Structure formats: C-alpha cells, structure tokens
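Geometric and topological summary
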Amino acid sequence: MIRHLPPALLGAALIVTLPAPARAGTEPLYQAAPAWVETAAIPTGPALPPQVVLDYQQRYEGGRAWSYTDQVRRIANAEELGKQTSVTLPWVPDKGDLIIHRLEIIRAGQVIDLVAKGQRFAVLRREANLEQQMVTGVLTATLDVAGLQVGDLLRLSWSVTGSDTALGGNVQGVGLLLPQPARLGFGRMILSWPQGKAPRYQALQPGLTPQISVAGGYQTVRYTLPVAKPAEIPPNAPGRFKRPPLVEVSSFATWADVARVMAPLYETRGLIRPGSALKAEAAAIMAASPDPLERTQRALRLVQDKVRYLAVTMNGGNYRPQTLEQTWAARYGDCKAKTLLLLALLSEMGIKAEAVLANIGQGDLVSVRLPSALAFNHVLVRAEVNGESLWLDGTGSGDRLADIRDTPPFFNVLPLRASGASLMPLPLRANARPSLAITARIDESAAIDLDPVADLTMVLTGRGAVQYNAAAGGLGPKESHALITRLVRSQFGDADVGKFAASSDAEAGTVTIRASAVLDEQWQEDGQRHIRLLDKLLARIDWNADRSRPAWAQIPVMTDVPSGVAYDLAITLPDGGRGISLDGVAAADLMVRGEHLVRSASLSAGIATMRERMDSAGVEIPAAQLGAEKDRLAKAKASAPRLIATRAARHYYDVEGRDPAGATQLAAAEAVYADLIAVDPEEAGSWHARGRFRFNAGNYAGARDDYRKAVELAATAARHLNLSDALDKLGDLPAALEQAQTAHDLDPANGRGVRTLAWLLADSGKLADALALLDDRIAAGGKDAEDYGLLRVAIEGAHGDAAAALARIDELLAAKPNEWQLHNTRCYVKAQRKLKLETAAADCGRALELGGTADVLDSRALLWAQLNQWDKALADADAALALQPDLDSSRYLRALALARLGRAADGARDLAIARRLDPQIDRDFARIGLKPGR
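Keep in mind it's a predicted model, so treat the numbers as computed, not measured. (Residues numbered from 1 in each chain as written. Predicted model: local features only at pLDDT ≥ 70, side-chain atom pairs only at ≥ 80, totals over all residues. Heavy atoms only, no water.)

**Quick look at the packing of aromatic side chains**
Enumeration over the complete set of coordinates arrives at nine aromatic pairs. With 6.4 Å between their ring centres and 45° between their planes, Tyr60 and Trp193 make a pair best called tilted. Taken as a pair, Tyr60 in strand E2 (residues 51–61) and Trp193 in strand E12 (residues 186–194) lie far apart in primary sequence, 133 residues in all. Assigned by exposure class, Tyr60 and Trp193 land together as buried. (Phe/Tyr/Trp six-rings, centres within 6.5 Å; stacked < 30°, edge-to-face > 60°. Helix = DSSP H or I, 4+ residues; strand = E, 2+ residues; numbered from the N terminus. Buried < 20%, exposed > 50% of the residue type's maximum accessible area, 1.4 Å probe, protein only.)

Structure follows, in structure tokens:
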C-alpha cells in the first residue's frame, strides 16, 4: 500500500507500491466488432484531410456501456508518420475490456492486416497523475506500428466496455461532438439502446439536432461530425452559458434518483468501532470543547491535516470510498475517503451532516446537465450547526475556526439522501479572512521620486499558506529568496528584495513572510505636480466585460469567486510632508463590480496611511446593469485617495547622494542591497540594481563601482552604457568613451549606444569618428535614420563646422518645415556658437509654435544669455523649469541670470542642483563662454 510521501518528494519520480487491479488477465482482446456496429466506408479523393474517418458509436444496454471507435489517419508527410507510428489506448480494467477489432495499413488500395501479421499491443501500467496524488489503475495498450509509410492510411478500430456496480444498474456516458473548424473526411457519433428502454440524452451545445431512427428493436441517435462551431461566449459568463460540444447519456430519471443510488456509499452507522483509534480521536475532540462549531472545525482539521490526499479510483474507486480502516491506517484518501471519515466523526459527536456531490470548475454548468453521477467530480460534507449550513471539504487545507463559514465556489451540489434530493444551490459569500494581508511600512523620507524602501509583512491564509509551505519546503537560501521575490513582485511590481524570513503558524493556518525591499518609484509626473496613488486594489482592476453583441445581451457577468486581499500602508514622506497633500475620497465602504471595498486613508505629520480590504463573493451582475456598474467602478477609481506633491516637495535632485537631515531612505536602501548582494555575490543583476539606485540618488562614484562589478560578472551593452554614464558624470571622459565603445561593439544597432558613443567621441575631440559613426547609421536607413540625422547636425554644430551644420538644417527644414525639433536645433546651434543670433529667436519661436516645450525654452534662455539679456533668460529658464524641473541646463542658466541680475544668493540652489544633476556642467558651459561670476 502507499505510504505517506513528504511534500518534498512530490514532483520527483515516485516509486510506490500500489494495490493490484481486481481483474486478472488485463490484456486487450482481439475480436471482430459486434454485429450492431455500422462499418464506415473510407472516402477517397486527392484532398482528404489527415483525419479521414472518425466514427464513434456507443450502445447502452443492460447496465453496460459499449464505446466503439473507428479512425483512419492519412500519413501525409514525415511529421505525421512520426506522430502516428506509436499508438496508445488507455482503459480501466476493473470497469471493462479493451477490444481491438481492426489494425490495418491501406496502401494503394491494398489492405495489410497487421493483427493477422502478429502485431500485438503491449500493456503498461503508468500512473501518469501520481504527482497530482491520483492513482487511477488505468492500463495503457501501446504499439509501434511496423511498416507504416508516408502515403499510407492507418486504420484502427477498437471498443472499450464499461459498467459500474456503484450506479445501481444505471448507465451514463459522455462523448465529444468534434466541432468545426476541425476537418474530417467522414465523421459521426451514433448512440443506441433497446427500444422502450431509452436513457435520456442531450447535446450540451445548443442548436444541435440529431437524426433519430428505430430498427431491429433499437433506437439510434446520430450526429454528423464535425458539428457547427460553438457560438462564442464571453469569458466572464457564468458557467451554465459555457456549454461544451458534448453529448451526454444517462438512465437516471431525476437528481433524486442519483442521490438515492449514491447515498448508501456514505452511510456512517457502525463505522467507528468501540475501542478503535478513531473512537479515541472523536472522544479527544469532544473533550477539548463542548461547542459544536469548534468540534466541527477540529474534526475538519483532523481530516485535512492527518490524512494526506491521494485519489485511488481503481477497483471500483470511481464512486466507492475506501473503508475508514484503510484511510486511517494508510493516512491517505481522496475526496470520497475524506468525506466518509469526516461524516463518521461528526456522526459520532452527534452533529448533523450529509455528503454532497459537487463539480470543481463547472459547478454552474451542472444546473443544465442531465441527472447523472458524471455531472460531478467531487464530494464534500454539508454540516448543520446552530442552524447554519457549513461546507466542509476534507481535501482542503489550512481551514481554521475563523474560516468555518466560508463557501466553496461549487454553485450547485447534490445532497446524498436515501429519500432522494434535488440539486441544491450553494450561495456564495465573502471569506472571513483575506487570503493575503499585507502590511507595508514605506520609507520615502529622502525624496518622492527616488525608489522607496519598504518593510513588508505578508500573511498568507489557508490554502495559500499550505501552497507556500509546499513550494518552500527543501529550498536553499537562493531559491527561497527567489520565491519571496516573486511574491513581493506579484503585489508591488518590480522590486529588489533584501533580508527576508518566513514562519508558519499551524494553529492559525497562516504563513507570515517578512521582507525588506526597494520598490519601483511610485510617483507619476502630472504637469506641475507629481501624483502617487494610495489605492492598491481598485487600480488593478481592468474590467473589460463586453455585452455589446446582440447574442450576449442577456448573459450576466460572473465576478470573482470568494477571495479577499487586505493592505495596511504607512508612507513616511520627505521633509515632514512639505508640499504634499491628500486628495480623493479618504473613507469608502462600497460595492463595485460585485466586490466589497472598505478603505480609510489619512495624512498627518508627514505620514500617509491607507488601509483597505476588498472581498469578492462570486456574484452575477445582470447584463442590463453592466453600464451602471462600469460607471460606478470608474467613479470609484477617479475618487480613490492619492497624494499630490507640488514643486515644494523634496525631489531626487535635492539629494546629494546621502540622506538629508532626518531622512533614512538612502541608508535603508543601502542595507537592502547589501543583503541582496550577500544572497549571491556572483549575481550581476544585484550589483547593477544597486548601481542604478545610487546613480539616481547622485552617488555617481558608488554607481561606478557597482556597474563595474556587474560588467565584470556578466557584461551586456546596457551595463557598459550605464558604467559609461557614471564615468562621464565623474569627469573620466577616456574611461567613459572606452565603455561606450565596448557597448557599441557588443550591440552596434543599440540606439542609446550609438548616441552615447557619438557624443563622447565628439567631446573627446574625435569629431570625425563621431560623424562617421552617425553617417553609417543614417546610410543604413530605418525608422531611426531621421533621429540620427538630427543628432549629427547637433554634434557638428556643437563641436565642428557650425555654418555647415546650419546649412544642413536648412536642407532638412526644406523637406520638413514643420518639425519643431529642427527649428529648435537651429536656434540652439546659433546660440551655442554665437552665429546669426539676430535670427535665432525666430527659430525658437517657431519651434514653440509647432509644439516644442521645455527644451525650446531652454534653447532660447541660452540665446538671451549670449545676448546678455538676462531678464529674458531668467523668464525662459523659469518657464522651462516649470515644465521640467530637473532640466540641468535651465537650472544652470537660471543661476547665471540671477547672478547677473544681482541676486546670486537666490540662484545658489539652482546652481547646486545643476551641478548635482551633471557634475561636468561647468565644463560644458565654459566651452561656450558662460561661467558663474562672469
């Protein structure tokens, strides 16, 4: 018998001892097809599809189902030959036989009988689903067809018989009605049974009408294959509208008949024997608490935690549960075994309960299916405690007392009662506890537009906790770190995780994960301000429910099944929150898209908080209400709380590579990255991530060191370019040029690499090389050729023959007179090189008219500076910075203008910011004759 397998072994190759099938001699039979089978004629012609014949015939008689299949495949090419050479046929020996009727190669009209030539199927027992904890007892007959050639037809006809004593003499079956666009030379589905003993049948796909005939005492129902393509159904429709192309057959007249037949399988009287181990378990539960609700939960926990899930469907196990003694001794069982065990425990404690059949995944479809046991794939317990229905699933995991009233998303269930029962709707409600609860303490104390640092606590509840424990079991430090990183990124986007820890609480059924992380920068520029959304749940909803087609007009929208998420955020803002305000609706308690949202937000003493929880409950929204529901969602999103930061808030350009007084953000980030690098010092991405953060914070020396380490470990063009940028900021022009050249050698088509290398070549006095580089890219053509042409004239204008550059711009403008970038470049070159200054203002003016913004104002500010019109230079620099406050050249020009106007102290901050953004800005402006103090 199977023994308990630890979770770490699941997913590995499993070698276990299984019970032998009940039926001996489990080999395929070789005999002619029964007389009732109608043999299909093979179509001929040059345009036959690969599937020449697909003929399904099913007969239901005497409590047995006989399924006959005849298929003919055309071996059109070598690929098809490889696919069809190996034949596999599965069957369940304890339910019936596999019978081979025909195995033939048809070549040029001649039939080669492979069975007559002695080819026989070998039988394998392969438990393909053992890693999913399922033992089926399915046998597989396999054969490698000898002598098959391209151009042949391969014909295989076989039958599988089946009966199940658990069905009380009833028969049931289901078959695929292959739909278009599949192509067949000939295809059909035939169902037959004795006249006067017809079971019920139906095609689930609407609009399929069979041909019905009676002959020889049998009724026959025929469908021609392929059937019509099923109508497209919106993906968020309730399950009962998603009717697959299946035909089902059942001799059960009503759901009550199904319930009566299956009910005895879950009779519990006398199952727990005096003096047995289970008797002691029940007594211990009753001694622990007099509360029937708590007793119920303890019994459920015992079944979930002490009996491992393993489905055994062989030897009649499709419907019959194994005995309590087997389950408790082996400590494994499937939904049937666990349900019987839980029922027996509850009965022993005097708690009313019954088994109910359910369908995982298609519970709503059950309501439109024929009564049969085939409509279900699961069984669980419905208990009645204190007048409430409790839905108890022994195959679940992590359910605790707080979760006892949660409802599984099965929609419809069938109570198994000796007196019979009808389908019972299972009303859904929100879960008591959120599946995921996140607490985040976020540090943005240095600047709003630097990546924030977070101390995170994530609590996984119930099944999520069990799944995490299963995934984390046996992982090493690196693999555990990768798992935690994936979890954090699933909630916060791209994030770099440092220190972490995880702990389980078996009593609470939770896993708590703690981690420190550097998150993606959260603020978004919005004109003159920055906005940071506090809402974490509504923002994720992208609801594309569409009922615009007339055929969909009455189809409701199905919302998410019961689940909940909770957030508790606290954000420490820079400079005590100066320049930052809270906007939107701070408190909310509303239903939106069928989900319940409760939220509160606040801003006080530089700390922004937001607490919210959203719960889904699997409700249906009528199509007629869809418009109003979308409007409600849009309004809820629009009014969600957000932080608004004005220019007065502290930004990244106010930070000098270290935390300002009272701030801790940069130090916290350094700690995160130190922990991240320690996980695997040979991981280049970790060094590169810290380098990127340091660069954005103005720590160019630290960024250089990290980028250099990343390049040493795993060089890429992007990493070489980042290292080049850091070296350039530090004034090491030769080293910056070397890195840019290496990046270009690795990826010559990289646009950023071409631009960086061209500028560095020119700045290094290698103008000819820079222009040759750009000429080569321009000659190559493509979508970037025009941009490279503009860059060429800008570089030549700055470092070479300015007059020639201006002439080239004139040529480009003749072809494209409405390109504002060309007008701006002409204005800038003139101002930079002090050429034709009297016409430069018109160039900038035209660029502004055509849509240019901050860059054009910056060019014109330079022009006014060269003309010593400092009041105008100040006005344009102010206008440019209002649009782009981190434009370093406008910061520098503003400082120069204020100094010339006798207000140098007022420009000191601008000068410091400009030098922080570009430590080489004094060098660059000196080239064009502008220096502070002059």
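**Looking at the environment of Gly187**
Among the structural elements, Gly187 can be located in strand E12. As a C-alpha pair, Gly187 and Leu54 span 133 residues in sequence and 4.8 Å in three-dimensional space. Residues contacting Gly187, with those up to four places away along its chain left out, are Leu54, Tyr223, Thr224 and Leu225. (Contact = heavy atoms within 4.5 Å.)

**Brief notes about the packing of helix H21 (residues 854–866) against helix H23 (residues 888–900)**
Closest axis-to-axis distance for the H21/H23 pair is 10 Å, and the angle between their directions is 30°. Here H21 lies roughly parallel to H23, going by the angle between them. Crossing of H21 against H23: the hand is left-handed. Contacts from Asp858, Ala861, Leu862 and Ala865 of H21 reach H23 at Ser889, Ser890 and Leu893. (Axes fitted to C-alpha atoms, helices over the stretch in contact; angles between N-to-C directions. Parallel < 35°, antiparallel > 145°, perpendicular 65-115°, else oblique. Left-handed = near helix turned anticlockwise from the far one by under 90°.)

**Remarks on the layout of surface pockets**
In this model, the second largest pocket occupies a volume close to 1900 Å³. Along the walls of the second largest pocket sit 50 residues, with Trp759, Tyr828, Asp888, Asp918 and Asp924 positioned nearest its centre. Top element by residues in the lining of the second largest pocket is helix H19 (residues 820–833). It accounts for eight residues. Tallied by class, residues from the lining of the second largest pocket come to 20 nonpolar, 13 polar and 17 charged. (1 Å grid on protein atoms, 1.4 Å probe; cavity = no way out; pocket = protein on both sides within 12 Å on 5 of 7 lines; lining within 4 Å. Points joined across faces, edges and corners; volume = space filled by probe spheres on them. Nonpolar A, V, L, I, M, F, W, Y, C, P; charged D, E, K, R; others polar.)

**Let's talk about the state of the cysteines**
Inspection of the entire model under this criterion finds one disulfide. Paired through a disulfide, Cys827 and Cys844 show a sulfur-sulfur distance of 1.9 Å. Here the disulfide of Cys827 and Cys844 is left-handed, its torsion about the S-S bond being about -85°. Here Cys827 is found in helix H19, whereas its partner Cys844 is found in helix H20 (residues 837–849), with 17 residues between them in sequence. We note that Cys827, like Cys844, is buried. (Disulfide = S-S within 2.5 Å.)

**Description of the pattern of salt bridges**
Applying the stated criterion to the full structure yields 70 salt bridges. A salt bridge links Glu348 to Lys279; its shortest N-O distance comes to 2.4 Å. Taken together, the residues Glu348 in helix H6 (residues 335–348) and Lys279 in helix H3 (residues 277–288) connect sequence positions 69 residues apart. Judged by its relative accessible area of 32%, Lys279 is partly exposed. Among the ionic pairs, Glu444 bridges to Arg532, the shortest N-O distance being 2.9 Å. With Glu444 in the loop between strand E25 (436–443) and strand E26 (453–461) and Arg532 in strand E30 (residues 529–533), this residue pair connects regions lying 88 residues apart in the sequence. Arg532 carries the same exposure label as Glu444, and that label is buried. Several salt bridges converge on common partners, so that one network encompasses Lys352, Glu354, Arg382, Glu384 and Arg417. (Salt bridge = Lys/Arg side-chain N within 4 Å of Asp/Glu carboxyl O.)

**Overview of H23**
Between its first and last C-alpha atoms H23 spans 19 Å; for 13 residues at 1.5 Å apiece the expected length is 18 Å, and the two agree. Along H23, 10 of the 13 residues are buried, which leaves the element largely enclosed by surrounding structure. Ser889, Ser890, Arg891, Tyr892, Leu893, Arg894, Ala895, Leu896, Ala897 and Leu898 are the residues of H23 that are buried. Where H23 is buried, its residues contact H21, helix H22 (870–883), helix H24 (904–917) and helix H25 (921–926). (Expected span 1.5 Å × (residues − 1).)

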